[in-house]
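Reading the structure
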Amino acid sequence: MASIALVPGSFDPVTLGHIDIIERAARHFDTLIVAVIRNPQKTASLFTLEERQELLGECLAHLPNIRIEFFKGLLVEFAKDHGASAIVKGLRAVSDFEYELQMAQMNQRLSGIDTFFVSTSPQYSFLSSSLVKEVARFGGDVSSMVPEVVQRRLGDRFSEDT
Ligand code: ADP
């Protein structure tokens, strides 16, 4: 049976940290579905769902076994509907661990779906979409943190604001 895993996230916007996790996870599953969520805790997103999907599509075009989909509601329901048997999450630091462990256990209890954690490459362990936005908003150099297409889009977005 083909193995299908979900990589959920807000990807607002996608960073080199996300891409690293997705590239490495893609070697272990037949199909990876990147599930772009509207996270209720992060209501004020910078990019629309469609923009985030488009950026992910450009940045992951080199990987043949990736699909990008939108997702709302319960992750385990989405997983069942799409035949996914695993969830992949990136772990940056101890601070990610407590929440991620709790989520993984809850999802396991709800559905039997297992979560696999991929440890961040050290050069990306400080990276988060929110921090990248913060730096870009004030004109900082994010070229080592996001793909070029995302860097350009951030520049355009913040120049609109000024
Ligand atoms: P962010 O916290 O950057 O807003 P998302 O909500 O889009 O990220 O996170 C999606 C997934 O990607 C989560 O599992 C998160 O831990 C992981 N992730 C985000 N940035 C990194 C990184 N730099 N290294 C490893 N994993 C990461």
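A brief report on the enclosed structure follows. (Residues numbered from 1 in each chain as written. Predicted model: local features only at pLDDT ≥ 70, side-chain atom pairs only at ≥ 80, totals over all residues. Heavy atoms only, no water.)

A few points about the sheet that holds strand β2 (residues 31-37)
With parallel pairing, five strands are arranged side by side in an open sheet as β3-β2-β1-β4-β5. The open sheet has two edge strands, β3 (66-71) and β5 (114-119), and neither has a second partner. Each strand axis lies, on average, 30° off the axis of its neighbour in the sheet, ignoring direction. Where strand β4 (residues 86-91) and β5 come together, six bridges link them in parallel fashion. Considered in β5, the bridge of Ile87 is made with Thr115. On the sheet, helix α4 (residues 94-111) packs against β4 and β5 and is oriented at approximately 175° with respect to β4. (Pairing = 2+ DSSP bridges. Helix = DSSP H or I, 4+ residues; strand = E, 2+ residues; numbered from the N terminus. Axes fitted to C-alpha atoms, helices over the stretch in contact; angles between N-to-C directions. Contact = heavy atoms within 4.5 Å.)

Points about the pattern of salt bridges
For the coordinates displayed, the defined rule picks out ten salt bridges. Its salt-bridge partner being Arg153, residue Glu54 comes within 2.9 Å of it at the nearest N-O pair. Separated by 99 residues along the polypeptide, Glu54 in helix α2 (residues 49-59) and Arg153 in helix α6 (residues 148-161) bring together distant segments of the chain. Here Arg152 ties to Glu148 by a salt bridge, and the two come within 3.6 Å at their closest N and O atoms. Taken as a pair, Arg152 and Glu148 lie in helix α6 at a separation of four residues, close to a single helical turn. Here Arg152 matches Glu148 in class, with each residue exposed. Salt bridges linked by common partners bring Asp12, Arg52 and Lys133 together as one network. (Salt bridge = Lys/Arg side-chain N within 4 Å of Asp/Glu carboxyl O. Buried < 20%, exposed > 50% of the residue type's maximum accessible area, 1.4 Å probe, protein only.)

Looking at the nonpolar core
The nonpolar side chains of soluble globular proteins are, as a tendency, buried together. Formed by 37 residues in total, the largest nonpolar core has its most connected members in Ile22, Leu32, Ile66 and Leu154. Breaking this core down by element, the ones donating at least two residues are β1 (4-9), α1 (16-26), β2, α2, β3, β4, α5 (129-137) and α6. Among the elements that take part in this core, α1 stands out by supplying five residues, more than any other. Apart from the residues within four sequence positions on either side, Ile66 is in contact with Ile22, Ala26, Leu32, Val34 and Leu60. Counting twelve residues, the second largest nonpolar core, distinct from the first, contains Ile4, Ile33, Ala35 and Phe78. (Core = buried A, V, L, I, M, F, W, Y, C linked by side-chain atoms within 4.5 Å.)

As for α2
Listed in full, the buried residues belonging to α2 are Leu49, Glu51, Arg52, Leu55, Leu56 and Cys59. Seen along its axis, α2 keeps its buried residues to an arc of 165°; they face one direction. (Arc of directions from axis to C-beta.)

Focus: a nonpolar patch on the surface
A surface patch of nonpolar side chains, about 290 Å² in accessible area, is lined by Leu74, Met106 and Leu110. Mapped onto the fold, Met106 is located in helix α4. (Patch = residues over 30% accessible without salt bridge, like charges linked within 9 Å, V, L, I, M, F, W, Y side chains within 5 Å. Areas by Shrake-Rupley, 256 points an atom, 1.4 Å probe, with all protein chains shown as cover.)

Let's talk about the side chain of Ser129
With respect to the secondary-structure elements, Ser129 resides in helix α5. Each residue touching Ser129, except ones within four places of it in the same chain, is listed here: Asp12, Pro13, Thr15 and His18.

Points about the packing of aromatic side chains
Evaluation of the coordinates by the stated rule reveals two aromatic pairs. Ring plane angle 70° and centroid distance 6.1 Å describe the contact between Phe29 and Phe116, whose orientation is recorded as edge-to-face. Of this pair, Phe29 sits in the loop between α1 and β2 while Phe116 sits in strand β5; the two residues are 87 residues apart in sequence, bridging distant segments of the chain. (Phe/Tyr/Trp six-rings, centres within 6.5 Å; stacked < 30°, edge-to-face > 60°.)

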